Amino acid sequence: MYTDMVTLEVMDTIFYEAQRQGRISFYATTTGEEAINIASTAALHNDDFVFPQYREPGVLLWRGFTLQEFAHQCFGNKYDNGKGRQMPIHYGSRKHNYFTIASTVATQIPHAVGAAYSLKMEKQDSCVIIYFGDGGSSTADFHAAMNFAAVLEVPLSQAIQAAERVEKPLIAEMFNDIINKYMKHVIFEFQMTNIKFITSRKRINNHMFLR
Ligand SMILES: Cc1ncc(C[n+]2csc(CCOP(=O)(O)OP(=O)(O)O)c2C)c(N)n1
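What comes next is a walk through the structure.

Parameters at a glance
- Counting from 1, residues in each chain are numbered in the order their sequence is written.
- Predicted model: local features are reported for residues with pLDDT of at least 70 only, side-chain atom pairs are reported and counted for 80 or more only, and whole-chain, interface and lining totals are derived from all residues.
- Put simply, DSSP marks the helices as runs of H or I at least four residues long and the strands as runs of E at least two long, and each gets a number from the N terminus on.
- In this scheme every C-beta is placed from the backbone, and a residue whose C-beta has 20 or more other C-beta atoms within 10 Å is buried, one with 12 or fewer is exposed, and one in between is partly exposed.
- Two residues form a contact once the distance between their C-beta atoms, set from the backbone, is within 7 Å.
- Pairing between two strands is assigned when DSSP locates at least 2 bridges connecting them.

### Some thoughts on the overall build of the protein
Okay, so step 1: Scanning the protein from terminus to terminus reveals 7 helices and 5 strands.
Okay, so step 2: Counting the 211 residues in the protein, one finds 36% classified as buried.
Okay, so step 3: Looking at the protein alone, contacts between residues at least 24 apart form 67% of all its contacts between residues at least 6 apart.

See the structure below:
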């Protein structure tokens, strides 16, 4: 886990500098969110579906996406899964059950809830994890999706990533409000520095997470 966290940071540094040098057109780093990337996906199974925002390349890294594949996507060449049709960092991989990132903030949340509902209807034993920032939790998409998730009781985990610059009491208040409002079956919750992770999945092993 530690090796992947460090690899992620080194990859970020190289691609960030490549963007500053004009070699790639866009890049967003995962600085400070390495642990939540790797730890959250380590707790899942590879057949669980991931609906990411844009700061979760560590999830792909953990599942076996190679550094070369990251480079193909960022450079938008013919070896990229999307054949260069997407902006850099908009990774996607069917093989790794990682849905292609959409630039429009929070649109992955209703998609994820729909996918979780289909898993429930088909009686599949996998779940869905959504990643989004605190900004994403202020959107109409988030609230509509959470209403559906609560009513339909879908197999869903959420990793809400909060930037260090947001005031901590404000984050706590906001997330408590979200939990009270939508998560009827929260069985496990933990706080990792500036990040709160909430899950309703029983099979996630809470010993994997350290405070
Ligand atoms: C629907 C939509 N509105 C605005 C934007 C522009 N935009 C890109 S990133 C971003 C900030 C998102 O903040 P947050 O969800 O907290 O994630 P962070 O980048 O801070 O990790 C915004 C507003 C967008 N991409 N999509």
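The discussion continues.
### So, the environment of Gln-86
Okay, so step 1: If you trace the backbone, Gln-86 turns up in the loop between helix H4 (67-75) and helix H5 (108-121).
Okay, so step 2: Classification of Gln-86 by C-beta neighbours within 10 Å gives partly exposed; the count is 18.
Okay, so step 3: Once the C-alpha coordinates of Gln-86 and Thr-100 are considered, the two residues, 14 residues apart in sequence, prove to be 9.3 Å apart.

### A look at unusual backbone geometry
Okay, so step 1: With a phi close to 55 degrees, Lys-83 is a non-glycine residue in the positive phi region.
Okay, so step 2: Take Lys-83: it is sitting in the loop between H4 and H5.
Okay, so step 3: Accessibility expressed as a C-beta count within 10 Å gives 11 for Lys-83, which makes it exposed.

### What about helix H2 (residues 34-42)?
Every α-helical turn comprises 3.6 residues, leaving residues that sit three or four positions apart pointing alike.
Okay, so step 1: Most of H2 is tucked away: 7 of the 9 residues are buried.
Okay, so step 2: All of the buried residues in H2 are Glu-34, Ile-36, Asn-37, Ile-38, Ala-39, Ser-40 and Thr-41.

### Structural notes on the pairing of strand S2 (residues 128-133)
Okay, so step 1: Counting buried residues along S2, 5 of its 6 residues qualify, which places the element largely inside the surrounding structure.
Okay, so step 2: Strand direction decides the pairing type here: strand S1 (residues 49-51) and S2, joined by 3 bridges, are parallel. Across the sheet, residue Val-50 finds its bridge partner in S2, namely Ile-129.

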